[in-house]
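In case you want the letters, here they are:
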Amino acid sequence: MMAKSVHPALIAFTALIFLFLLAPLVIIIGAAFSDTTYLTFPPQGLTLHWFSNIFAIEAFRTTAITSFELAFLGTGLSLLLGVPAAYAISRYRVELPSWLSTLFVLPILVPEIVFGFSLMKSITIGLGLPIFPSLLIGHALLVLPYSVRVVSASLASFDFSIEEAAISLGCPPLKTFLTVVLPNIRAGVIAAFILAFITSINDVSVSVFLTGPGISTLPIQILAHMEQFFDPTIASVSVLLMLVTVAVMAVVEATLGLTFLTK
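All of these numbers come straight from a predicted model, not from anything done at the bench. (Residues numbered from 1 in each chain as written. Predicted model: local features only at pLDDT ≥ 70, side-chain atom pairs only at ≥ 80, totals over all residues. Heavy atoms only, no water.)

Caption draft 1: Structural detail: the overall build of the protein chain. Looking only at helices and strands, the protein chain has 13 helices and zero strands in total. Listed by position from the N terminus, the elements making up the protein chain come as α-α-α-α-α-α-α-α-α-α-α-α-α. The principal-axis extent of the C-alpha atoms belonging to the protein chain is close to 70 × 70 × 30 Å. In the protein chain, the proportion of contacts linking residues at least 24 apart, taken out of those at least 6 apart, comes to 71%. Side-chain charges in the protein chain split into 9 positive and 12 negative, and the spacing between the mean points of these groups amounts to 13 Å. (Helix = DSSP H or I, 4+ residues; strand = E, 2+ residues; numbered from the N terminus. Contact = heavy atoms within 4.5 Å. Lys, Arg positive; Asp, Glu negative; His and termini not counted. Charge placed at Lys NZ, Arg CZ, Asp CG, Glu CD.)

Laid out in structure tokens, this is it:
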């Protein structure tokens, strides 16, 4: 059977799409290595000075640590809430009301600016919580929809009769969930962690309402730096954030394989 030839117009259109997606990345990477004192592309020369400048600025170091702490803790908290919620929605979807699944995606349906302002009024001002706990709650709620929806998609292909068989043989429900259900949906849990972690560490709209004196996140510090300087340090930070994303995916590929997440 002869293979069908691909129309040249389709090839050209696909190439334009890839160019559209890659062009901003190329511009940012080029600007990060420029030896000028201002953002420019193409770079006038090549230097690593702006990458070392990131670590020389204390504000970038402290906010980066805060962002990673919030990303790990917020994502972990969202999974602790989201995995049981996704299990309940999938396991008891007939008994539970249909609107319950929509409730968990409200943080991404509501505009993030409105969501961040509401959190500031209700948590920071209303409850009087300190800045870091407020940020932690805000990030956990922001990424909760990813935990619920991704894990729910993984549970959609799970045969719950296996769980019922384990319980009928005398296995306690909690142990059944941990030893039977959870291993079968770990691909969805890992995928949810990756999406939630990347979303949290790059968040601006929610964090800008919850940060305060002494505590800020890396994206907010980038905005503050841009108000005073317009040097390639900003592009260098962006490149490092992209490398963090690539590193997370590389770890998944090395340990599990990216095809594992599609199971």
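Caption draft 2: Highlighting the packing of aromatic side chains. Summed over all chains, the structure comprises eight aromatic pairs. Both rings, one in F72 and one in F197, keep their centres 4.9 Å apart while their planes meet at 55°; by these two values the pair is tilted. Of this pair, F72 sits in helix α3 (residues 58-91) while F197 sits in helix α10 (residues 186-201), and the two are 125 residues apart along the sequence. Given a relative accessible area of 5%, F197 falls into the buried group. (Phe/Tyr/Trp six-rings, centres within 6.5 Å; stacked < 30°, edge-to-face > 60°. Buried < 20%, exposed > 50% of the residue type's maximum accessible area, 1.4 Å probe, protein only.)

Caption draft 3: The environment of V151, seen in detail. Looking at where V151 falls in the secondary structure, it is placed in helix α7 (residues 131-155). For the pair V151 and T102, spaced 49 residues apart in sequence, the C-alpha to C-alpha distance is 15 Å.

Caption draft 4: Examining the pattern of salt bridges more closely. According to the stated counting rule, one finds two salt bridges in the structure shown. The partner of E164 in a salt bridge is R91, and the shortest N-O contact between them spans 3.3 Å. Taken as a pair, E164 in helix α8 (residues 160-168) and R91 in helix α3 lie far apart in primary sequence, 73 residues in all. Its relative accessible area of 42% is what places E164 among the partly exposed residues. Among the charged side chains, a salt-bridge network with shared partners connects R91, E163 and E164. (Salt bridge = Lys/Arg side-chain N within 4 Å of Asp/Glu carboxyl O.)

Caption draft 5: Local environment of the packing of helix α6 (residues 112-126) against α7. Between α6 and α7, whose axes approach to 11 Å, the crossing angle comes to 140°. Viewed along their axes, α6 and α7 adopt a mutual orientation that is oblique. In terms of crossing hand, the pair formed by α6 and α7 is right-handed. Note on element contacts: α7 touches α6 through S134, I137, G138, L141 and L142, opposite E112, F115, L119, I123 and T124. In the contact of α6 with α7, the residues fall into six nonpolar, three polar and one charged. (Axes fitted to C-alpha atoms, helices over the stretch in contact; angles between N-to-C directions. Parallel < 35°, antiparallel > 145°, perpendicular 65-115°, else oblique. Left-handed = near helix turned anticlockwise from the far one by under 90°. Nonpolar A, V, L, I, M, F, W, Y, C, P; charged D, E, K, R; others polar.)

Caption draft 6: Region of interest: a nonpolar patch on the surface. There is a patch of nonpolar side chains on the surface, built from L10, F13, I17, F18, F20, L21, L22, L25, V26, I27, I29 and F41 and spanning about 1,200 Å² of accessible area. Along the chain, the position of L10 falls in helix α1 (residues 8-32). (Patch = residues over 30% accessible without salt bridge, like charges linked within 9 Å, V, L, I, M, F, W, Y side chains within 5 Å. Areas by Shrake-Rupley, 256 points an atom, 1.4 Å probe, with all protein chains shown as cover.)

Caption draft 7: Seen up close, α6. If you look at α6, its biggest bend is around 30°, right at M120. Every buried residue of α6 is listed here: F115, G116, L119, M120 and I123. On the buried face of α6, the contacting elements are α5 (106-109), α7 and α11 (207-210). Positioned one or two residues after α6, G128 has a phi angle of 70°, which is positive. (Bend = angle between axes of the 7 residues up to and from the residue.)

Caption draft 8: Expanded view of the nonpolar core. Counting 16 residues, the largest nonpolar core has V151, L155 and V181 as its most contacted members. Counting residues per element, the ones that place at least two in this core are α3, α7, α8, α9 (173-184) and α10. Examining the composition of this core, we find that four residues originate from one element, α3, more than from any other. Ignoring any residue separated from it by four or fewer positions in sequence, one finds V181 in contact with Y87, L155, F158, E163 and T176. (Core = buried A, V, L, I, M, F, W, Y, C linked by side-chain atoms within 4.5 Å.)

Caption draft 9: The arrangement of the side chain of S207 in detail. Structurally, S207 is set in helix α11. On the basis of relative accessibility, which here comes to 0%, the residue S207 falls in the buried class. Apart from residues no more than four positions distant in its own chain, S207 is found in contact with L135, H139, T217 and I220.

Caption draft 10: Quick peek at the side chain of S78. Among the secondary structure elements, S78 is positioned in helix α3. In this structure S78 comes out as buried when scored by relative accessible area, which is 0%. Excluding residues within four positions of it along the chain, S78 makes contact with V83, A140, V143, L144 and S147.

Caption draft 11: Layout of the environment of P172. Checked against the element boundaries, P172 lands in the loop between α8 and α9. Between the C-alpha atoms of P172 and P183, which are 11 residues apart in sequence, the distance is 16 Å.

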